[in-house]
Amino acid sequence: MTLTNDGLWPEVSFEDRMSTVRFDIGERAHITVDSAVCGDCSTRECVVACPANLFVPTSDGGILFNYEQCFECGTCYMVCNREGAITWTYPDGGHGVVFKRT
Amino acid sequence: MADTTTGTTPLSATVATASAATFDVIVVGAGPAGSCAATVLARAGHRVALLERGAFPGAKNMYGGVIYPRILDRLHPQWWEQVPIQRWITRRSTMVMTETRALTIDFRSEAWGEPPYNGATAYRPDFDHWLADQAVAAGAHLLNATTAVGLLRDADQRIVGVRTDRPDGDLWASTVIACDGVNSFIAKEAGLHEELDPANYTLGVKETLALPRSVIEERFGVRDRHGVDIEILGGTSGVNGGGFLYTNLDTLAVGAVLKLPALAAQQTRPEEIIGRLKAHPAIAPLVEGGEIVEYSAHVIPEAGRSMMPTLTTDRLLVTGDAAAMCLAAGIWLEGVNFAMASGMAAGETVAEALASGDTSARGLGGYERRLRDSFVLADHDKLRRAPGLVLSDRVQHQYPEMITGVVERMFRVDNPEPKPGLRRILREERRAAGVRIRDLARDAWIGFRSFG
């Protein structure tokens, strides 16, 4: 991923970017993705819009989803065009993202 | 100033028995709305449960961000002596940018650097934690690490409490105040929201960048704890929204607010949009060398009055972001103050209703009355067409070209050509940007009606 920063500062990999955020990850996946529903989706709004980049297209046309580094913002279920593709809840109490300087 | 960023508040109550689980009021969410509601109710002598799903209040909260705390005068006189802020905003800039140009209106006021101040930057985990501490000091029972998973109803379908994810986690009360933020699951469950329209929401993404305090003060031209807030139109890689850059004590916050359907319909990811904003010639010298110490995101209810849910039903009130009370009106970008004010109004209304023994929708009718009599609904009613105007394609894409084009022509010395008249510049730049007079007049009228 290239940022057009003209070499003003070192590129930050997405992994390093996410490593600045604290997550107390719960055992329960608070978001689930039903690949049977979203399998033939061609627009894939979640892939570009999720700020944590949790929706990754796979080579076989599916979506690989990971709930662990989630900001709990709600963008994915709001932009999704497929009823029932994304089941979204908050993580269990005390788990999930922990903001510090936001 | 208390450091509230580290550690977690221990649970202030243990819910084990039915009697211990019975309250007068359950406030869902210990953000600005919930903590203000709980403070008012606890001070009125009521037994209040204040639920927070994070490990501590503020852990889930992020904004883009200036807090205007004057509404706290009533609740916490001399609040400025305690509130954990980063900097008092004494310099407010509004920037209109295209890829190669930027026009900035820059205002500063020394009065905003003295009590009672105007606006402040703050870390929400600090600010919200402090506000919740005031509710606890007033006697509210703060239950951290407790997610509300639904409403409890009796055989007559009346709301009688909240189900939480704690063991034995049913909490009982005659009234529930939903302060659960933009996703607003409690109000949705109660049927108060219309069907979700993603066009009403934006995604806010932000980087917190560390820089030495002295560097920040040099670059931004401020001293002491004074700070700068720059709000930006354009600069979001063609995605309808806006940018922001503001100063904390030894960090900067830079980010973008992006209309969800516009973001989802193109291919540039949110962090790339921030990256491009940071690389803009008007922004790069201000943020250069800043090390990213936190990346964050949150959804914003952007559409104001037109997306607000029904605010009151039997035994339930909705406040703050859960009621879409965030004000996104271009030159005014506020939300925490609206949350605090609506929380206070909800607290006062419920205290009154409990005293009279009627917490039906009718008994809670004072809530909407209070909001109408205050800035909360007055501002939202007056500015009901502003969010749509600000996020419209013309304001987003055509007007920045036109406005900065006009200013470039005004100040460009094209000798030996004589100076063109302003009328000619306006006409030519309007045409160059593809703006029709009819649309310009219509937008000007909406703007005049909203802001005038």
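What you see as residue numbers is a count from 1 along each chain, following the sequence as written. Chains carry letters from A onward and ligands carry numbers from 1 onward, assigned in written order. Only residues with pLDDT of at least 70 get local features here, since the model is predicted, and only at 80 or more are side-chain atom pairs given and counted; chain-wide, interface and lining totals rely on the full set of residues.

Turning our eyes to something else, we now look at the overall build of chain A. Assigned secondary structure in chain A consists of four helices and six strands. Every helix listed is a DSSP run of H or I at least four residues long, and every strand listed is a run of E at least two residues long, numbered separately from the N terminus. In sequence order, chain A lays out its α and β elements as α-β-β-α-α-β-β-α-β-β. Across the 102 residues in chain A, those meeting the buried criterion constitute 33%. Excluding contacts between residues fewer than 6 apart, the proportion of contacts in chain A whose partners are at least 24 apart in sequence is 68%. Buried residues are those with 20 or more other C-beta atoms within 10 Å of their own C-beta, exposed residues have 12 or fewer, and partly exposed residues lie in between; C-beta atoms are placed from the backbone. We call two residues in contact if the C-beta atoms placed from their backbones are at most 7 Å apart.

With that out of the way, let us pick up the overall build of chain B. What chain B contains, in helices and strands, is 14 helices and 19 strands. A compact globule built from 452 residues should have a C-alpha radius of gyration of about 22 Å, and chain B, at 23 Å, falls within 12% of that. With the C-alpha coordinates of chain B rotated into their principal frame, the extents come out at 85 × 50 × 40 Å. Taking all 452 residues of chain B together, 55% fall into the buried category. In chain B, once contacts between residues fewer than 6 apart in sequence are set aside, the share between residues at least 24 apart is 72%. Note on method: radius of gyration uses C-alpha positions; expected globular size equals 2.2 Å times residues raised to 0.38.

Let us look at the interface of chain A and chain B. Residue-level contacts link 35 residues of chain A with 49 residues of chain B. Breaking the side of chain A that touches chain B down by element, the ones donating at least two residues are α1 (14–18), α3 (45–49), α4 (75–79) and β6 (96–98) of chain A. Think of it as three bins: nonpolar holds Ala, Val, Leu, Ile, Met, Phe, Trp, Tyr, Cys and Pro, charged holds Asp, Glu, Lys and Arg, and polar takes everything else, Gly as well. Broken down by class, the residue content of the side of chain A that touches chain B amounts to 18 nonpolar, nine polar and eight charged.

For the rest of this paragraph, the subject is the environment of C41(A). Within the secondary structure, C41(A) sits in the loop between α2 (35–38) and α3. Expressed as a C-alpha distance, the spacing of C41(A) and I86(A), which sit 45 residues apart in the sequence, is 13 Å.

Here we take up the packing of helix α12 (residues 393–411) of chain B against helix α13 (residues 422–432) of chain B. Residue and element names in this part refer to chain B. Angles shown run from 0 to 180 degrees and are taken between the N-to-C directions of axes, each axis being a line fitted to C-alpha atoms and, for helices, limited to the stretch in contact. One way to put it is that α12 packs onto α13 with a least axis distance of 9 Å and a crossing angle of 140 degrees. With respect to α13, the axis of α12 lies oblique. Seen along the crossing, α12 lies across α13 with a hand that is right-handed. Within the contact between the two elements, α12 uses M402, G405, V406, R409 and M410 and α13 uses I425, L426, E429, R430 and A432. These descriptions rest on fixed angle ranges, namely under 35 degrees for roughly parallel, over 145 for roughly antiparallel, 65 to 115 for roughly perpendicular, and the rest for oblique. Here is the rule for handedness: rotate from the far helix to the near one, and if that takes an anticlockwise turn smaller than a right angle the crossing is left-handed, while a clockwise turn gives right-handed.

What follows deals with the sheet that holds strand β9 (residues 170–172) of chain B. All names here are of chain B. Whether two strands pair comes down to DSSP finding at least two bridges between them. Taken together, three strands build an open sheet; the order of strands is β7-β8-β9 and the sheet is antiparallel. One side of each edge strand has no neighbouring strand; the edge strands of this open sheet are β7 (148–153) and β9. Going across the sheet, the axis of each strand differs from the next one's by a mean of 30 degrees, ignoring polarity. Here β7 runs beside strand β8 (residues 159–164); their pairing, made up of five bridges, is antiparallel. Of the residues in β8, the one forming a bridge with A148 is T164.

All names here are of chain B. That bond from P115 to P116 is cis: its omega, 0 degrees, falls within 30 degrees of zero. For P116, the position within the fold is in the loop between β4 (102–108) and β5 (119–121). The omega torsion of the bond from N415 to P416 falls at 10 degrees, within 30 degrees of zero and hence cis. Along the polypeptide, P416 turns up in the loop between α12 and α13. Unlike most non-glycine residues, Q157 shows phi in positive territory, near 70 degrees. When you line up the elements, Q157 lands in the loop between β7 and β8.

What follows concerns the sheet that holds strand β6 (residues 141–143) of chain B. Residue and element names in this part refer to chain B. Taken together, the six strands give an open sheet; going across it, the order is β6-β2-β1-β10-β17-β16, and neighbouring strands pair in mixed fashion. Each edge of the open sheet is held by one strand with a lone partner, namely β6 and β16 (312–313). Examined bridge by bridge, strand β1 (residues 25–28) and strand β10 (residues 175–178) share four bridges and lie parallel to one another. Each bridged residue has a counterpart across the sheet, and for V25 the counterpart in β10 is T175. Contacts from helix α8 (residues 336–356) reach β1, β10 and β17 (316–318) within the one sheet, and its direction differs from that of β10 by about 175 degrees.

Attention shifts here to the environment of T251(B). Following the sequence through the fold, T251(B) ends up in strand β14 (residues 251–259). Its 24 C-beta neighbours within 10 Å are what place T251(B) among the buried residues. For the pair formed by T251(B) and T268(B), sequence separation is 17 residues and the distance between their alpha carbons is 26 Å. When near neighbours in sequence (up to four residues on either side) are disregarded, T251(B) contacts R101(A), T208(B), L209(B), A210(B), L211(B) and V293(B).

Residues and elements named next belong to chain B. The predictor's confidence in any single residue is recorded as pLDDT, a number from 0 to 100. With 96% of its residues at a pLDDT of 70 or more, chain B shows a mean pLDDT of 95. Considering only residues more than four positions removed or in separate chains, one finds that residues 1–17, a stretch of pLDDT under 50, has 31 contacts. The ipTM for the predicted assembly is 0.94, set against a pTM of 0.94.

This part covers the nonpolar core. Residue and element names in this part refer to chain B. Residues V27 and L50 are the most contacted members of the largest nonpolar core, which totals 154 residues. Among the elements that line this core, the one with the most residues is α8, at 11 residues. Split by domain, the residues of this core number at least three in each of domain 1 (25–85 + 122–193 + 309–384) and domain 2 (198–301). Other than its neighbours up to four places away in sequence, L50 contacts V27, A30, G34, S35, A38, A132, A135, A140, H141, L142 and L143. Each nonpolar core reported here comprises buried Ala, Val, Leu, Ile, Met, Phe, Trp, Tyr and Cys residues connected via C-beta atoms within 7 Å. Domain start and end points were adopted from an automatic or database domain assignment.

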